[in-house]
Amino acid sequence: MAEKFDLIVIGGGPGGYVAAIRAAQLGLRTACIDPFTGKDGKPAPGGTCLNVGCIPSKALLDSSKHYHHLQNDYGAHGISVKDAAMDVTTMIARKDGIVKKLTGGVSQLFKGNKVAYFHGKGRLLAGKLVELTPSDGGEVQQLEAGQIILASGSVPIQIPNVEFDGEYIVDNVGALDFDAVPASLGVIGAGVVGLELGSVWKRLGSEVILLEALPDFLTMADKDVSKLAAREFKKQGLDIRLGTLVKGAVVNKDKVTVTLEDGEGESQLSFDRLLVSVGRKPYTEGLLDEGCGVQLNERGQIQVDDQSRSTAPGVWAIGDCVRGPMLAHKASEEGIAVAELIAGKPAHIHFDTVPWVVYTEPEIAWVGKTEQELQDAGIDYKAGSFPFAANGRALAGGNPAGLVKMLADAETDEILGVHILGANASELISECVVAMEFQGSSEDLARIVHAHPTLSEAVHEAALHVDKRAIHRGN
Ligand code: FAD
Ligand code: AMP
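Bear in mind that the values here come from a model prediction, so they are computed numbers and not experimental data.

Trainee: Summarise the sheet that holds strand β17 (residues 356-358); cite the residues concerned and give the values.
Mentor: One open sheet holds the five strands; their spatial order is β17-β18-β21-β20-β19, and the pairing between them is antiparallel. Edge strands, defined here as strands with exactly one partner in the open sheet, are β17 and β19 (381-387). Shown here is a sheet whose adjacent strand axes are inclined to one another by a mean of 10°, direction ignored. The pairing of strand β18 (residues 363-368) with strand β21 (residues 415-422) spans six bridges and is classified as antiparallel. Within β21, the position partnered with A365 by the bridge is I420.

Shown next as structure tokens:
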């Protein structure tokens, strides 16, 4: 007889584990199935985000930032250090420790909330039955539930003629685990993952070249921000080659030779390691049994409506395996909303106010519409901006690069988008998200007291500048 639950969540990433915890809080008898196994061989719920995504990348970005500052910036503070050295093994072990702490934390949260956690793979059968294949080789069993949430996440896209081998040609998993700094690193794709992981190894001494097929840089960001960011990255020695399509790669004698095509025709480049970061695709392999009633769309995503209902009654899908941005916080908020809908509560997500962050230095963060999107949509807007070079705290902290740019409706003054390039942009954007969620105006932000001296004063000044009354810059 199949064990019965009110809800089974398949996938324990930030979408699935958060949905499971919220459902349990709401009194649903909940199970969560996830096969992720940590480096120590133990179950490691938390999905891509905790194991091989958001968290480990930020751990390495922080380690490499300290090393880079020690080498390049401490002199200005009068601090000199002789014989600074980087021990990659220690850095990776620190990262692994953080991952273990957090995945262990999810296991504890499951226990604390009485979520039944199964370490294995789930397959949705017809009639809201789930076939569970335990990771430890135990007997395959069936579970049954009134409702099911699919949260199977995503995997890296592979491009033709560039085969991952886990050593020379790697995805995010490999690039988070190099055992030494590669003398040269090729990165295919100058998107978020390529920029973050390229920055890590560049700061540690690698010669990094990013090969990007598109003619423009970071096209989803506001143009003013992406232009300024490209300039900053160039200063740091990140070699970003736009309009460069990678057509193949081969490994030969400890080197990866990449064939590429750019404005000059076809040519080759050799690297010690190659990171392929050309985006991710929804992962549904082995997830859906024929006849389960769940359909995929033309992009391979699980087809869902605005509230995450799939085409099969009682089956929902969230996170990277469905439409919308592939971001951990989007997955989690969808998980919470679906758990609440299942429990009979109202729930809604505003996709328009999901913030985006790139954790480079300076950081890039935005929410809402870009200036180009407003122009394309024919919306009348006012723009204000403020450079961090005129912000006292930014100068005191040695972070003069970047700006805050705010866009507001020309008539109503409602904030339509905020774009930040600068130190702590990831934190500064939250205030703007809150303002937009409350349909705030630039005047609202302009009239709020911001502590001095803080980087957030740049947000305040950008808001003032929308009305051409900034204090610390010309209007
Ligand atoms: P996942 O985290 O992918 O989790 C899905 C889980 O489901 C996995 O554990 C998988 O093994 C499991 N699963 C799959 N099939 C089955 C099955 N049949 N049965 C049971 N379990 C199954 N996002 C951010 O917001 N901020 C960041 O800073 C950020 N940094 C990133 C850095 C890198 C290097 C990468 C690769 C991604 C990053 N992301 C970041 C994206 C973020 O990781 C994803 O958006 C997020 O993990 C999606 O959550 P999810 O729950 O939908 O899927
Ligand atoms: P993201 O989805 O943010 O990780 O970005 C992935 C980037 O990879 C996009 O900017 C794509 O244009 C780029 N890309 C995809 N295929 C190739 C390729 N064959 N060569 C170079 N860049 C590519």
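Trainee: Describe the packing of aromatic side chains, and please don't skip the residues or the numbers.
Mentor: Counted under the stated rule, the structure contains five aromatic pairs. An angle of 5° between the planes, with centres 5.6 Å apart, marks the rings of W356 and W366 as stacked. Note that W356 is positioned in strand β17 and W366 in strand β18, a separation of 10 residues in sequence. Assessed through its relative accessible area of 25%, W356 is described here as partly exposed. Note on W366: relative accessible area 4%, which makes it buried. Just above the ring of F5 sits the side chain of R29; from NZ or CZ to the centre is 4.5 Å.

Trainee: Explain the site of ligand 2 to me, using residue names and the numbers behind them.
Mentor: Of all residues adjacent to ligand 2, which total 15 residues, the nearest are G189, V192, E212, A213 and V246. A213 is positioned with one of its backbone polar atoms (N or O) 3.1 Å from a nitrogen atom of ligand 2. Here ligand 2 has 510 Å² of accessible area as a free molecule, and 75% of this is covered by the chains. Partitioned by chemical class, the residues of the shell around ligand 2 number nine nonpolar, five polar and one charged.

Trainee: A description of the nonpolar core should follow, citing residues and the corresponding values.
Mentor: Ranked by size, the top nonpolar core spans 35 residues in total, and within it W201 and I364 carry the most contacts. Those elements giving two or more residues to this core turn out to be α3 (54-72), α4 (88-112), β8 (184-188), α6 (192-203), β9 (207-211), α7 (223-235) and β18. With near-sequence residues (within four places) excluded, I364 lies in contact with L218, V225, A229, F233, W356, V357, V358, I420, L421 and A425. Membership of the second largest hydrophobic core comes to 30 residues, among which are F386, V404, L455 and L464.

Trainee: Give a description of α6 that names residues and reports values.
Mentor: The α-helix advances 3.6 residues per turn, and as a result positions three or four apart in sequence lie on the same side. Between its terminal C-alpha atoms α6 stretches 17 Å, which fits the 16 Å expected from 12 residues at 1.5 Å a residue. Within α6, the full set of buried residues consists of G194, L195, E196, L197, G198, S199, V200, W201, K202 and R203. Positive backbone phi, at 120°, marks G205, one or two positions downstream of α6.

Trainee: Just give me the short version of the sheet that holds β9, but keep the residues and values in it.
Mentor: Ordered in space as β7-β14-β8-β9-β10, the five strands form an open sheet in which the pairing is parallel. In this open sheet, the two strands that pair with only one neighbour each are β7 (169-170) and β10 (239-241). Sheet topology places β9 next to β10; three bridges connect them, and they run parallel. What sits directly across from I209, in β10, is D239. Relative to the sheet, α6 contacts β8, β9, β10 and β14 (273-276), its axis offset from that of β9 by approximately 165°.

Trainee: Talk me through the pattern of salt bridges; I want residue IDs and the actual numbers.
Mentor: Summed over all chains, the structure comprises 24 salt bridges. Ionic pairing is found between R29 and E3, a salt bridge with its closest N-O pair at 3.4 Å. Within this pair, whereas R29 is found in the loop between α1 (16-25) and β2 (30-34), its partner E3 is found in strand β1 (residues 3-10), the two being separated by 26 residues in sequence. Assessed through its relative accessible area of 33%, E3 is described here as partly exposed. Here K39 ties to D177 by a salt bridge, and the two come within 2.8 Å at their closest N and O atoms. Of this pair, K39 sits in the loop between β2 and α2 (47-52) while D177 sits in the loop between α5 (172-175) and β8, and the two are 138 residues apart along the sequence. The exposure class of K39 is exposed, given its relative accessible area of 58%. Each of K39, K95, D96 and D177 takes part in one network of salt bridges that share partners.

What counts, and where the lines are drawn
- Residues numbered from 1 in each chain as written.
- Chains lettered and ligands numbered in written order.
- Predicted model: local features only at pLDDT ≥ 70, side-chain atom pairs only at ≥ 80, totals over all residues.
- Heavy atoms only, no water.
- Pairing = 2+ DSSP bridges.
- Helix = DSSP H or I, 4+ residues; strand = E, 2+ residues; numbered from the N terminus.
- Axes fitted to C-alpha atoms, helices over the stretch in contact; angles between N-to-C directions.
- Phe/Tyr/Trp six-rings, centres within 6.5 Å; stacked < 30°, edge-to-face > 60°.
- Buried < 20%, exposed > 50% of the residue type's maximum accessible area, 1.4 Å probe, protein only.
- Lys NZ or Arg CZ within 6 Å of the ring centre and 35° of its normal.
- Near = heavy atom within 4 Å.
- Polar contact = N/O pair within 3.5 Å; in protein donor to acceptor, adjacent residues only side chain to side chain.
- Areas by Shrake-Rupley, 256 points an atom, 1.4 Å probe, with all protein chains shown as cover.
- Nonpolar A, V, L, I, M, F, W, Y, C, P; charged D, E, K, R; others polar.
- Core = buried A, V, L, I, M, F, W, Y, C linked by side-chain atoms within 4.5 Å.
- Contact = heavy atoms within 4.5 Å.
- Expected span 1.5 Å × (residues − 1).
- Salt bridge = Lys/Arg side-chain N within 4 Å of Asp/Glu carboxyl O.

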